[in-house]
Amino acid sequence: KNLSENEKRVVCQKLKDAIGAEKVKDDELVLITYSSDISPVSARRPSFVVFPENRDNVVAILRTANEYKIPVTVMSGGVNVVGACIPEEDGMVIDLHRMDRIIEINTDSGYAVIEPGVNFDRFSAALREKGFRCAIPTAPGGASPLANYISRPSGSLANRHLDCIQDLEVVLPDGTIINTGSSQFPNVGSQLRYGPFPDLAGLFCCAYGTLGVITKAALKIYPINE
């Protein structure tokens, strides 16, 4: 849907009222900055760039985008090289880099719960302090582990066959929040992705943000051997 200039002003104000004015940008310099990456994919200028800081912000953003039928493009690390983060023309970019908490490192069950803005540099450093590591793919230190793992990247010869996703917290386009795996159940934690639970996480892997915005993930971690 092509919004009129008046509708754009209304949407911008609704977003500011919902999540805070400092988290919503519609000025030309910011919009142009988010219209391309280093890939040869043609630039497409969005109408809005938003910077949620928590899950509730994401819910409010998606409800507004859904109401006005605005196409949404999600990014976190911002180091994509194949055009996956270039928005639709006059669409909306949700930049998740402010959601950067390492929520839990569970060395007993071998997983860590992080938000999408956490990068490999911070994640690896935090794990090393616990004697653990994560799967390191062919990506720079500023890339997002969560975003990288859901895209099933090539990784390296040592870890390219690993599936690091344990479970996910996802906000659907209408604002509904779901959890996959064992974290769906109270007081269970992110222990199991598969049976006896249905593997809903697989729906969102390789979906590149088209089915919902992932706001938290439990990722498998591995002990550093002698």
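As shown above, the structure is provided for reference.
These figures come from a predicted structure and were not determined experimentally. Residue numbering note: each chain is counted from 1, following its sequence as written. Per-residue local features of the predicted model are confined to residues with pLDDT of at least 70, and side-chain atom pairs are confined, for both listing and counting, to 80 or more; whole-chain, interface and lining totals are unaffected and use all residues. No hydrogens and no water enter the side-chain calculation; it runs on all heavy atoms of the structure.

What follows covers the packing of aromatic side chains. Geometry of aromatic contacts follows a simple scheme: Phe, Tyr and Trp rings, the Trp one being its six-membered ring, pair when their centres are within 6.5 Å, and the pair is stacked under 30 degrees between planes, edge-to-face over 60, tilted otherwise. Considering all chains together, one arrives at two aromatic pairs under this definition. Judged by centre distance (6.1 Å) and plane angle (75°), the rings of tyrosine 34 and phenylalanine 51 are edge-to-face. Of this pair, tyrosine 34 sits in the loop between helix H2 (28-33) and strand E2 (48-50) while phenylalanine 51 sits in the loop between E2 and helix H3 (55-67), and the two are 17 residues apart along the sequence. Accessibility expressed as a relative area gives 16% for tyrosine 34, which makes it buried. Between phenylalanine 120 and tyrosine 149 the ring centres are 5.9 Å apart and the planes differ by 75°, which places this aromatic pair in the edge-to-face class. Of this pair, phenylalanine 120 sits in helix H4 (residues 120-128) while tyrosine 149 sits in helix H5 (residues 145-150); the two residues are 29 residues apart in sequence, bridging distant segments of the chain. The same class applies to phenylalanine 120 and to tyrosine 149, which are both buried. Secondary structure elements follow DSSP: runs of H or I no shorter than four residues count as helices, runs of E no shorter than two count as strands, and numbering proceeds from the N terminus. For the exposure calls, accessible area comes from a 1.4 Å probe over protein chains only, and a residue counts as buried if that area is under 20% of its type's maximum, exposed if over 50%, partly exposed in between.

We now examine H3. By this rule the span expected of a helix is its residue count minus one, scaled by 1.5 Å. With 13 residues, H3 should cover 18 Å at 1.5 Å per step; its first-to-last C-alpha distance of 18 Å lies within 8% of that length. Among the residues of H3, Asn57, Val58, Val59, Ala60, Ile61, Leu62, Thr64 and Ala65 are the ones counted as buried. Lysine 69, located one to two residues past H3, shows a positive phi value of around 55°.

Once that is clear, we can look at the environment of leucine 219. Tracing the sequence through the fold places leucine 219 in strand E10 (residues 213-220). Look at leucine 219 and you get buried, because its relative accessible area is 0%. C-alpha of leucine 219 to C-alpha of alanine 139: the two residues are 80 residues apart in sequence and 17 Å apart in space. Two residues qualify as a contact provided that any one of their heavy atoms is within 4.5 Å of a heavy atom in the partner residue. Not counting residues up to four positions away in its chain, the partners in contact with leucine 219 are Gly110, Tyr111, Ala112, Ile114, Phe123, Pro145, Leu146, Tyr149, Cys164, Ile165 and Gln166.

On the surface, Ile38, Val81 and Val82 cluster together to form a nonpolar patch covering roughly 330 Å² of accessible area. In this fold, valine 82 is placed in the loop between strand E3 (72-75) and strand E4 (92-95). Exposure remark for valine 82: the relative accessible area of 59% places this residue in the exposed category. Grouping into patches uses exposed residues only, defined as over 30% relative accessible area, and leaves out salt-bridged ones; the cut-off is 9 Å for like charges and 5 Å for nonpolar side chains (Val, Leu, Ile, Met, Phe, Trp, Tyr). Methods summary: accessible areas were calculated by the Shrake-Rupley approach with a probe of 1.4 Å, and residue burial reflects only the protein chains presented. Counted as salt bridges are all cases of a side-chain nitrogen of Lys or Arg within 4 Å of a carboxyl oxygen of Asp or Glu.

This is a description of form; function is not addressed.
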